[in-house]
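One-letter residues, chain by chain:
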Amino acid sequence: MDRFLALTAFAKVVETGSFARAADRLDMSVSSVSRHVSDLEAHLDARLLNRTTRRLSLTESGRVFHERCVQLLADLEEAEESATAATVTPRGTLRLTASITFGVRHLAPAIAEFLTRYPSMRFDVQLSDRAVDLVDEGFDIAVRIGAIGSQNLVGRKIGTTSLVCCAAPAYLARHGEPRTPEELAGHACLTYEYSSFGKVWPFRDREGRERNARVEGPAHANNGRLLVALAMEATGIACEPDFIVGPDVLAGRLVPILRDFTAPPASIYVVYPSRRHLSAKVRAFTDFLAARFADPEWMLPVSGKPVRARKK
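A.B. asks: Just to check I follow, could you spell out the sheet that holds strand β4 (residues 121–127) for this structure?
C.D. replies: Either a parallel or an antiparallel arrangement is found when strands of a sheet pair, and the pairing is made through backbone hydrogen bonds. Strand order across the open sheet formed by five strands is β4-β3-β5-β14-β6, with mixed pairing between neighbours. Here the strands that pair on one side only, and so sit at the sheet edges, are β4 and β6 (153–161). For this sheet, the mean inter-axis angle between neighbouring strands, taken without regard to orientation, is 25°. Pairing of β6 with strand β14 (residues 266–273) involves eight bridges; the strand directions are antiparallel. Looking at the pairing, L153 lines up with P273 of β14.

A.B. asks: Please clarify how the side chain of E41 should be interpreted in this entry.
C.D. replies: Position of E41 relative to the elements: it lies in helix α3 (residues 30–44). A distance of 2.8 Å separates the side chain of E41 from the backbone nitrogen of L48, its partner in a polar contact. In contact with E41, other than residues within four places in its own chain, are A46, R47, L48, L49 and R51.

A.B. asks: Can you walk me through α3 in this structure?
C.D. replies: Along an α-helix, a turn takes 3.6 residues, which lines up residues three or four apart on a common side. The end-to-end C-alpha distance of α3, which contains 15 residues, comes to 21 Å, matching closely the 21 Å that a straight helix rising 1.5 Å per residue would cover. Regarding α3, the residues found buried are S32, V33, H36, V37, L40 and E41. Following α3 by one or two positions, D45 has its phi on the positive side, about 55°.

A.B. asks: Is there a simple way to explain the confidence of the model for the protein in this structure?
C.D. replies: Reading fine detail from the predicted coordinates is not recommended where pLDDT is low. Mean pLDDT over the protein stands at 86; residues scoring 70 or higher make up 90%. Within the protein, the lowest mean pLDDT, 80, falls on helix α4 (residues 60–83), and the highest, 97, falls on helix α6 (residues 169–175). Contacts from residues 302–312, a stretch scored under 50 in pLDDT, to residues over four places away or in other chains number 22 contacts.

A.B. asks: Before we go on, may I ask you to explain the nonpolar core in this structure?
C.D. replies: Side chains of a nonpolar character, in soluble globular proteins, are inclined to be buried together. Counting 60 residues, the largest nonpolar core has V143, L184, W201, F285 and L289 as the members making the most contacts within it. Among the elements that make up this core, the one with the highest residue count is helix α9 (residues 280–292) (six residues). Those residues in contact with F285, other than ones at most four positions away along the chain, are L94, L96, I111, F114, F123 and I141. Grouped together as the second largest cluster of nonpolar side chains are 18 residues, V13, V37, L40 and L56 included.

A.B. asks: I tried to follow unusual backbone geometry on my own but got confused; where do I start?
C.D. replies: Most of the time, phi is negative for any residue but glycine, and the peptide bond is trans. In this structure, D27 is a non-glycine residue whose phi angle is positive, near 55°. Along the chain, D27 turns up in the loop between α2 (19–26) and α3. For D45, which is not glycine, the phi dihedral falls at a positive 55°. With respect to the helices and strands, D45 occurs in the loop between α3 and β1 (49–51).

Reading guide: rules and limits
- Residues numbered from 1 in each chain as written.
- Predicted model: local features only at pLDDT ≥ 70, side-chain atom pairs only at ≥ 80, totals over all residues.
- Heavy atoms only, no water.
- Pairing = 2+ DSSP bridges.
- Helix = DSSP H or I, 4+ residues; strand = E, 2+ residues; numbered from the N terminus.
- Axes fitted to C-alpha atoms, helices over the stretch in contact; angles between N-to-C directions.
- Polar contact = N/O pair within 3.5 Å; in protein donor to acceptor, adjacent residues only side chain to side chain.
- Contact = heavy atoms within 4.5 Å.
- Expected span 1.5 Å × (residues − 1).
- Buried < 20%, exposed > 50% of the residue type's maximum accessible area, 1.4 Å probe, protein only.
- pLDDT = per-residue confidence, 0-100.
- Core = buried A, V, L, I, M, F, W, Y, C linked by side-chain atoms within 4.5 Å.

Spelled out as structure tokens, the structure:
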């Protein structure tokens, strides 16, 4: 048994969820991939995958082994990169996951600029507003806002975002503008599924005192951009990050409210599985994002105009 090929085949089958897709990624036949995985199971005297006609799933032994397998292959890749001086020039494919709106609006142009600097790099990007399991789903990094996630992950802060409470001019004309967080209880508020504070929106007044508001409303969703679209239709009040609402505030489609109060800022992180060493591609892209988002283009003062332009 070629142990390296067996490990590679197994990891790729888990990553893609299919022997056929793994074979396509590895430029091998399906029968060869299947044989490598079967040889690995025979060598370990353990079943790693449950196989049915419809889907594949990891056994408990397979789950534990897969986590170590991914780590081993990553360490081997890094050793090869070090031996060939690839620690200076990143190369290969970077598998990345991030939230949908931040990914489309801010990561896409960042990736485009990064690729002009390192044309040998490739990106495999999956956007989702849920917290993806990096190890089980085979991602190198995630860009996360507010919380790192599992204690088995390491996060590096690359930026900051602030929550902006806002509504459409038509909504405010019809229902009036709340002047304090407590007045939100009498308004239609649009709530976000993955928010760390749920239906209690946190604020502080100018003296630093907490002024939390329990909110309810006609819509609850797992995507912030959808809630902002509803707010623009005068459906209710949204409390979303400035990187989402910024363009609509600047265009006058939304009006910031509760300007005498502040919502807590949230940190933006690049998150990766805990390892002793980072590959060149992860390190380079993380450094690049940290520099790019040091002066974020989405920052909004109370006036609704950009604080400063992002440094190139």
